[in-house]
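Fold and geometry: a report
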Amino acid sequence: MSGNTGLIISALFTLFLIIIVPIIKGDAAGEGAARYDNYRLYRVELATDEHVQIFQRLEAKSDSCTFYGHARHTGQQLTIMVSASKVADFEDLLTLYAVRGRLLEPNVQQLIDREAASVQPVTTNPSELDWNHYYQLETIYGWMDMLAMRYSEFVTIVEIGRSYEGRPIKGVKLSRRPDSKAIVVEGGIHAREWISPATATFLLNELITSSDPTIVELGIMYDWFFFPIVNPDGYRFTFTGDRLWRKNRKPYGLCRGVDLNRNFDSNWAGVGSSNDPCSYDFSGSKAFSEPESAAIAEFLRSNVESAQIRTYIALHSYSQLLMFPYGHTEERVANYNDLKSITDKAIAALTAVNGTEFRGGSKYETIYPSSGGSIDWAYQPGGVPVSLTFELRGPPDSTDMFILPADQIRPVGMETLAAFVAIVREAARLGYYDNKPSKSTK
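Attention here is on the structure that accompanies the text. (Residues numbered from 1 in each chain as written. Predicted model: local features only at pLDDT ≥ 70, side-chain atom pairs only at ≥ 80, totals over all residues. Heavy atoms only, no water.)

1. Points about helix 2 (residues 49-61)
Helix length check: helix 2 (13 residues) gives 19 Å between terminal C-alpha atoms against 18 Å at 1.5 Å per residue, within 8%. Considered for burial, the residues of helix 2 that qualify are H51, V52, I54, F55 and L58. In a view along the axis of helix 2, the buried residues occupy a sector of 165°, so they form one face of it. The outward face of helix 2, more than 90 degrees from its buried face, is lined by the exposed residues D49, A60 and K61. (Helix = DSSP H or I, 4+ residues; strand = E, 2+ residues; numbered from the N terminus. Expected span 1.5 Å × (residues − 1). Buried < 20%, exposed > 50% of the residue type's maximum accessible area, 1.4 Å probe, protein only. Arc of directions from axis to C-beta.)

2. Re the packing of aromatic side chains
Per the counting criterion, the structure on display carries 26 aromatic pairs. Aromatic pair F55 and F90: ring centres 6.4 Å apart, planes at 70°, arrangement edge-to-face. Here the residue F55 occupies a position in helix 2, and F90 occupies one in helix 3 (residues 87-96), the gap between them amounting to 35 residues. Centroid distance F227 to F299: 5.1 Å. Interplanar angle 70°. Geometry classified as edge-to-face. On the criterion of sequence distance, the pair formed by F227 in strand 8 (residues 223-227) and F299 in helix 9 (residues 291-303) is long-range, its members being 72 residues apart. (Phe/Tyr/Trp six-rings, centres within 6.5 Å; stacked < 30°, edge-to-face > 60°.)

3. A look at the sheet that holds strand 6 (residues 168-174)
With respect to topology, eight strands assemble into an open sheet ordered 5-6-8-7-11-14-12-13, the strand pairing being mixed. Where the open sheet ends on each side, the last strands, each with one partner, are strand 5 (155-162) and strand 13 (359-362). Across the sheet, the axes of successive neighbouring strands diverge by a mean angle of 20°, strand direction being ignored. Of the pairings in the sheet, the one linking strand 7 (residues 182-186) to strand 11 (residues 309-317) comprises five bridges and is parallel in character. Bridging across to strand 11, I183 finds its partner in T311. Each of strand 7, strand 8, strand 11 and strand 14 (386-392) touches helix 13 (residues 409-429); the most contacted strand, strand 14, lies at about 160° to it. (Pairing = 2+ DSSP bridges. Axes fitted to C-alpha atoms, helices over the stretch in contact; angles between N-to-C directions. Contact = heavy atoms within 4.5 Å.)

Structure below.
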């Protein structure tokens, strides 16, 4: 590279920082925020080995195609977002190699603009929080503080650490009875999955305020730890900079962010994760390199025995799945049959509410291979025998992706609550909440 070329690149990069970075601060996304005008969403079927290889190469080389999953095997269906300038090239590729594909959404920005009408401003009073809108970090945290003041006899705030940008990683403990077994609920580890924090707050509110005898019993018989937004920096950035941002916000060279659900010390940096900081599933510089994942792990280490934590549930979207460990291997966990029974019962209860269809099984056999996930680590070595992950609405070929309309928050909350009841009941029947050491995860 010549000296002049280097100076030009340096000048352009400096100009980029001057133009873009200041604009993405504030209450809502401004002119400098990412836009997806005329970006198209496709669902393609990889029918041959050649198709798999083509899309592996495309993901590695193209910065105009955003893959929601990696090309891995024949028979796989894959969702891909294509920038407006590359739509013609992408459709030509499908034709050239006889790849079956269908258009899910012709303009992703329209989804984001539609959703914006249901987003409440950062200044919203926490007392106004409901489950008909999406709320920003500050309102959700304020609502949690309000719960602790209003129900001080059994609700307390639990702050387990700070994010990379210094925001608190805040949780709520609900405890109405001494010496109860505990359940942990993790939300918002992937920033763009807004239905996750919304569902977590819905469930927490029901456990505190419901008059349904079944829910009242659930809220009395067990201690609950809710962490609705494990990734506060990323969540905040989805409102100010990029609605489809997934990772945290820690910088690594020219790119930012680690996929926190690839950063746990469970087959870290293995299958289904990336060592490229610019990749959506970058696993970090080492296991627990990120303060957010490290905070969750330290909370579990410090409390799994003393607080008698027997269940860990992570809320994600989308694909309508309920899964358990492991993600990195087809090897079955010691209590596979119990976990399969628990997920089967939960899915039946969930489907009975609204007819929403879910699939269940281990992560490896149900969605795709992955390493470094929170529930895998919580299970082993964390020692939590019932560790589960929900992928909430919509279906795998959803046209909404992570931009689920706010009018679905309540239906998702109600069906997930029914699943929670079934999970706890079946886990109790199987002995996981007995007054004896929890079943081994080894």
